[in-house]
Amino acid sequence: MRGKLEHPRGLIELISVEVERIDNEYRELWLSFEYTCPGGEYKSAMVLPISNSKEMTNFFFRELIGEAKHLSEIEKSEALSIGLFVANKTDTMLPIKNLCQRVIDVLNTDEELQENRDYIDLCTSGFHFKDGSKSLSAKGFEERFKIFMTRATEKMSQGYYTIAADDLEKANFLCSTSPLISKLIGICHRELGHLDLALEMFTRAMEFGDKERETFLYLSEIHFFLNDMEKAGQILEKMLAEYPDDIRGLIELANIRYQMEDEYVHILDKAYGLDAAETQTTILQTFVFKKVSGGRKTRISIEQASKLLDIPEQSIRLLAGSNRIPARGYPDNEDLVLDENEMKSWAFVYRRFKLFQNEIERVATHPGGDRNQGMALLS
C-alpha cells in the first residue's frame, strides 16, 4: 500500500525582533519584528500581555503564524492543507523568552524605571537573527543612540513621522535631557496633527535650553493653531529679543497681532525695510487672514467682493480655488463664504507690500495654482 503523500509546508523565517515600548500601566510589551513567509517579507508589530515568559513566548509565535497565514492567503485555501511553521524557531525562541523574563523582572523591582539601566537597556534592545552585527542588544548605549537618531532623521525626510517618532522615543530613553530629541519628536507630532503632544515636546526642548529660532517658531505656531494668541505672541517676543531682525518672526508676530485685532502693519513695515523680497515670500507662505477664533462675520457675496476690491469675479474664484484668499467653503453649499473685513485686510496687505497685482496675474496665467500647506516644515 502506498503511503500518504506529505503535505506541502510553508516556511516562516524570523529575521529580527525589536522592543518598541514597555507599558507598565497596562502591563504590555510592544515588539516590532521582521520575517519572511510564503506571502513575502514583512515588518509588523505586536502587543504581548505581560504574564509569564513561557506564555508570552507562545503567544508571540502563535500570533506570528496567524498573521503569516493571513498574509499568505493560506486561510482562504484550506483545501490545500498547507501548514506553516517557523523554520528557525529553535534559534529564536530562547532569546525572546529571555527578553520577556527580563521585562517581567525589571517591572517587578521598586527602582524608578527611568533611572533603571536594565529598563533603559530593554527599551532600546533588539535581536537580528540572520546578522548578529545588526543586533541592538550587542551594541553600547552610545552606538544605539546614533543608530536611532540616524534612522529617525532618515524616516522624517521620507515623511514617515510615526516610525520616526518611535525611534526618537528610544533615543530619548538613552538621552532624556536632549533638547534636539524633544524638538524632533515635537516635529513628528506636529506633522501628524497631535498638537498637544507637539506643544509638550517643544516646551520641553526650550526648558532643556534650546534657543534656536526654529524652536521658537514651532512653539509659537502650535499656540497659534490652538488659538492661544497671547501665548504665541509672548513666545515670538522672546525670540525677537534673541533674533531682532528675523523676518519670519516679525511676520508671525504681525499675524498674531492681526488675529488679536491689535496694530500690526508697523511690524510688517519693519520686516519689509529689512528685506523686501523675503518679506513678500513669507507673507505669501504664512500670513493667515482668516480669523482663527471665528467670531462674528460680515458675509459678502463674490459680486460685492469684486466691487469692493476692484477684482474680477473670476479672479476671486481662482484665488479661492488655490487657497490664496481668505475664503471658506462648506460641503452642502457650492457658494464661497467671504468675510468683508478679512478680504479688506488681505487686499490692503497685498497692495501695501506689492503682492496684489502679481497674485492676480499669476492666478490668471496658472488657473490651477498651488495649494498652500497650512503647516509646512520650517526651513
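Everything quoted here is computed from the prediction, not taken from an experiment. The residue numbering used here restarts from 1 in each chain and proceeds along that chain's sequence as written. For this predicted model, a pLDDT threshold of at least 70 governs which residues receive local features, and a threshold of 80 or more governs which side-chain atom pairs are given and counted, while totals over whole chains, interfaces and linings are taken from all residues. Excluding hydrogens and water, the side-chain figures rest on all heavy atoms present in the structure.

A.B. asks: Got a minute to help me understand the overall build of the chain in this structure?
C.D. replies: From N to C terminus, the chain includes 16 helices and 8 strands. In the chain, which comprises 379 residues, the share counted as buried stands at 43%. The contact rule is simple, with two residues in contact once any of their heavy atoms fall within 4.5 Å. Considering only intrachain contacts with a sequence separation of at least 6, the fraction spanning at least 24 residues in the chain is 57%. The Shrake-Rupley method, run with a 1.4 Å probe, gives the accessible areas here. Residue values count only the displayed protein chains as cover. For the chain, the exposed surface amounts to about 20,500 Å²; the carbon and sulfur share of it is 48%. In this text, helices come from DSSP runs of H or I with a minimum length of four residues, and strands from runs of E with a minimum of two, each type numbered from the N-terminal end. Throughout this description, buried means an accessible area under 20% of the type-specific maximum (1.4 Å probe, protein chains only), exposed means over 50%, and partly exposed covers the range between.

A.B. asks: For this particular structure, what's the right way to read helix α4 (residues 141-158)?
C.D. replies: Owing to its 3.6 residues per turn, the α-helix brings residues three or four apart onto one side. The span expected for a helix works out to 1.5 Å for each residue beyond the first. Relative to the 26 Å expected for 18 residues at 1.5 Å per residue, α4 spans 26 Å between its end C-alpha atoms, a close match to the ideal helical length. Considered for burial, the residues of α4 that qualify are R144, F148, M149, A152 and M156. Across the axial projection of α4, the buried residues extend over an arc of 130°, all falling on one side. Exposed positions of α4 whose direction lies more than 90 degrees from the buried face are K146, T150 and S157. Immediately beyond the C-terminal end of α4, within one or two residues, lies G159, with a positive phi of roughly 85°. Note: the arc covers the axis-to-C-beta directions of the helix.

A.B. asks: I would appreciate a short explanation of the confidence of the model for the chain in the present structure.
C.D. replies: If pLDDT is low for a region, its predicted coordinates should not be looked at in detail. Confidence scores here are pLDDT values: one per residue, from the predictor, ranging 0 to 100. On average, the chain scores 89 in pLDDT, and the residues at 70 or more come to 89%. The lowest-confidence element of the chain is helix α16 (residues 356-365), averaging 74 in pLDDT; the highest-confidence one is helix α11 (residues 265-274), averaging 98. Contacts from residues 371-377, a stretch scored under 50 in pLDDT, to residues over four places away or in other chains number 21 contacts.

A.B. asks: When you look at the packing of aromatic side chains in this model, what are you seeing that I'm missing?
C.D. replies: To describe a pair of aromatic rings, you give the distance between the ring centres and the angle between the ring planes. For Phe, Tyr and Trp, rings pair up if their centres lie within 6.5 Å, where Trp contributes its six-membered ring, and each pair is then called stacked (planes under 30 degrees apart), edge-to-face (over 60) or tilted (otherwise). A full pass over the atoms with the stated rule returns 17 aromatic pairs. Taken together, a centroid distance of 5.4 Å and an interplanar angle of 80° make the contact between F33 and F60 edge-to-face. Of this pair, F33 sits in strand β2 (residues 28-37) while F60 sits in helix α1 (residues 53-71), and the two are 27 residues apart along the sequence. Neither residue differs from the other here; F33 and F60 are each classed as buried.

A.B. asks: Teacher, can you tell me more about the pattern of salt bridges here?
C.D. replies: Between side chains of opposite charge, a pair can form when the charged atoms approach closely. The term salt bridge refers to a side-chain nitrogen of Lys or Arg lying within 4 Å of a carboxyl oxygen of Asp or Glu. Evaluated as defined, the whole model comprises 22 salt bridges. A salt bridge links R102 to D121; the nearest nitrogen and oxygen atoms lie 2.8 Å apart. Taken together, the residues R102 in helix α2 (residues 89-107) and D121 in helix α3 (residues 117-123) connect sequence positions 19 residues apart. The exposure class of D121 is buried, given its relative accessible area of 17%. Here K146 makes a salt bridge to E142, at a shortest N to O gap of 3.9 Å. Highlighted residues: K146 and E142, both in helix α4, separated by 4 residues, approximately one helical turn.

A.B. asks: Whenever I open this one, the pairing of β2 confuses me. Can you help?
C.D. replies: In this scheme, strands are said to pair when DSSP sees at least two bridges between them. Pairing between β2 and strand β3 (residues 40-49): 10 bridges, direction antiparallel. Counted as the bridge partner of C37 is G40 from β3. Hairpin connection between β2 and β3: a loop of 2 residues separates the two successive antiparallel strands.

A.B. asks: What should I look at first to understand the packing of helix α13 (residues 302-309) against helix α15 (residues 340-352) in this one?
C.D. replies: Each pair of packed helices gets described by two things: the angle between the helix axes and the distance between those axes. Axes here mean lines fitted to C-alpha atoms, for a helix over just the part in contact, with angles spanning 0 to 180 degrees between N-to-C directions. Relative to each other, α13 and α15 sit at 35°, their axes nearing to 11 Å. Our pair here, α13 against α15, has a crossing hand that is right-handed. Every residue of α15 that contacts α13 at A305, L308 and L309 is listed here: E340, M343, K344, W346, A347 and R351. We call Asp, Glu, Lys and Arg charged. Ala, Val, Leu, Ile, Met, Phe, Trp, Tyr, Cys and Pro are nonpolar, and the rest, Gly among them, are polar. Tallied by class, the residues present in the contact of α13 with α15 amount to 6 nonpolar, no polar and 3 charged. Two helices crossing with the near one rotated counterclockwise from the far one by less than a right angle form a left-handed crossing, whereas a clockwise rotation gives a right-handed crossing.

A.B. asks: I'm lost on the side chain of D167 in this one. Help?
C.D. replies: Turning to its location among the elements, D167 is positioned in helix α5 (residues 161-174). On the basis of relative accessible area, D167 is assigned to the buried category, the value being 5%. Among the polar contacts made by the side chain of D167, one reaches the side chain of R151 at a distance of 2.6 Å. Each residue touching D167, except ones within four places of it in the same chain, is listed here: E18, F148, R151 and A152. For the purposes of these results, a polar contact is taken to be a pair of N or O atoms within 3.5 Å, where, inside protein, one atom must be able to donate a hydrogen and its partner to accept one; residues adjacent in sequence count only when each atom of the pair is a side-chain atom.

A.B. asks: I'm lost on the environment of R117 in this one. Help?
C.D. replies: Take R117: it is sitting in helix α3. Separated by 11 residues in sequence, R117 and V106 have C-alpha atoms that sit 9.8 Å apart.

A.B. asks: Where do I start with the environment of V288 in this structure?
C.D. replies: Summarising the element assignment, V288 is placed in the loop between α12 (276-286) and β6 (299-300). Accessibility expressed as a relative area gives 26% for V288, which makes it partly exposed. Residues contacting V288, with those up to four places away along its chain left out, are F224, N255, Y258 and Q259.

A.B. asks: Quick question: what am I supposed to make of the environment of F216 here?
C.D. replies: Among the structural elements, F216 can be located in helix α8 (residues 213-225). Here the alpha-carbon distance between F216 and A205, two residues 11 residues apart in the chain, equals 10.0 Å. Not counting residues within four places of it along the chain, the set of residues in contact with F216 comprises M206, K211, I235, K238, M239, E242 and Y243.

A.B. asks: Can you help me understand the nonpolar core in this one?
C.D. replies: Soluble globular proteins tend to pack their nonpolar side chains together in the buried interior. Buried Ala, Val, Leu, Ile, Met, Phe, Trp, Tyr and Cys residues that are joined via side-chain atoms within 4.5 Å together make up what is termed a nonpolar core. Of all hydrophobic cores here, the largest spans 68 residues; its most connected members are L268, I283, F287 and W346. When residues of this core are assigned to their parent elements, the largest contribution, 7 residues, is made by helix α10 (residues 247-259). In this view, W346 contacts F289, L309, I311, L319, R324, I325, P326 and F356; residues no more than four positions away in its chain are not counted.

A.B. asks: Looking at this model, I keep getting lost on unusual backbone geometry. Mind explaining?
C.D. replies: Glycine aside, negative phi is the norm for most residues, and most peptide bonds take the trans geometry. In this structure, R27 takes a positive phi of about 55° despite not being glycine. In this structure, R27 sits in the loop between β1 (9-23) and β2. The partly exposed category is assigned to R27, whose relative accessible area is 30%. With a phi close to 60°, D310 is a non-glycine residue in the positive phi region. You can see D310 is positioned in the loop between α13 and α14 (313-321).

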